[in-house]
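One letter stands for each residue in the lines below.
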Amino acid sequence: MTPFTENVIEIIRSIPEGKVMTYGQIAGLAGSPRAARQVVRILHSMSRAHRLPWHRVINAKGQIALQDDESYNEQLLSLEAEGVEVGLNGVIDLGEYQWNPHNK
């Protein structure tokens with residue numbers, strides 16, 4: 001496992017309940033600001049094995065990015081169960097719910 005991948009996994013694990021982070025935000029904190037798509041691949045391939053809270057990761061627009069209905073609804077329901085308000089079209093208020101580990 002590369003250091004970048006290890007960093008991504010640790011960052012995702014650290015997202016607290018009721019908060020979200022963006023793919024790009026995680027990539028930047030992990031040391032590669034332009035690697036948001038790599039974060040997507042890591043989430044897709046390693047979420048189960050590492051028990052990652054994948055549902056807390058959204059796109060830069062504050063939206064649930066998943067296209068298939070089943071996964072979209074699973075993410076929506078998981079976020080709402082943690083108290084995150086999800087608006088129309090799966091939009092989440094980043095000002096309210098985005099977590100910044102440097103501003104704990």
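All of the points below concern the structure found in this document. (Residues numbered from 1 in each chain as written. Predicted model: local features only at pLDDT ≥ 70, side-chain atom pairs only at ≥ 80, totals over all residues. Heavy atoms only, no water.)

Considered for burial, the residues of helix H1 (residues 3–13) that qualify are Phe 4, Thr 5, Val 8, Ile 9, Ile 11 and Ile 12. The arc that holds every buried residue of H1, seen down its axis, measures 165 degrees, which confines them to one face. Each element contacted by the buried residues of H1 is listed here: strand E1 (21–22), helix H2 (23–29), helix H3 (36–46) and strand E2 (57–58). (Buried < 20%, exposed > 50% of the residue type's maximum accessible area, 1.4 Å probe, protein only. Helix = DSSP H or I, 4+ residues; strand = E, 2+ residues; numbered from the N terminus. Arc of directions from axis to C-beta. Contact = heavy atoms within 4.5 Å.)

Turning to the nonpolar core, a few remarks are in order. Note that soluble globular proteins tend to have their nonpolar side chains buried in a common cluster. Ranked by size, the top nonpolar core spans 18 residues in total, and within it Phe 4, Val 8, Ile 12, Ile 26, Val 39 and Val 57 carry the most contacts. Contributing elements (two or more residues each) for this core: H1, H2 and H3. Broken down by element, this core gets its largest block of residues, 5 residues, from H1. Leaving out residues up to four positions away in the same chain, Ile 12 has contacts with Ile 26, Leu 43, Leu 52, Pro 53 and Val 57. Val 84, Ile 92, Leu 94 and Tyr 97 belong to the second largest nonpolar core, which has 10 residues in total. (Core = buried A, V, L, I, M, F, W, Y, C linked by side-chain atoms within 4.5 Å.)

Next up on the list: unusual backbone geometry. In this model, Arg 51 sits at a positive phi of 50 degrees, which is unusual for a non-glycine residue. Looking at the secondary structure, you find Arg 51 in the loop between H3 and E2.

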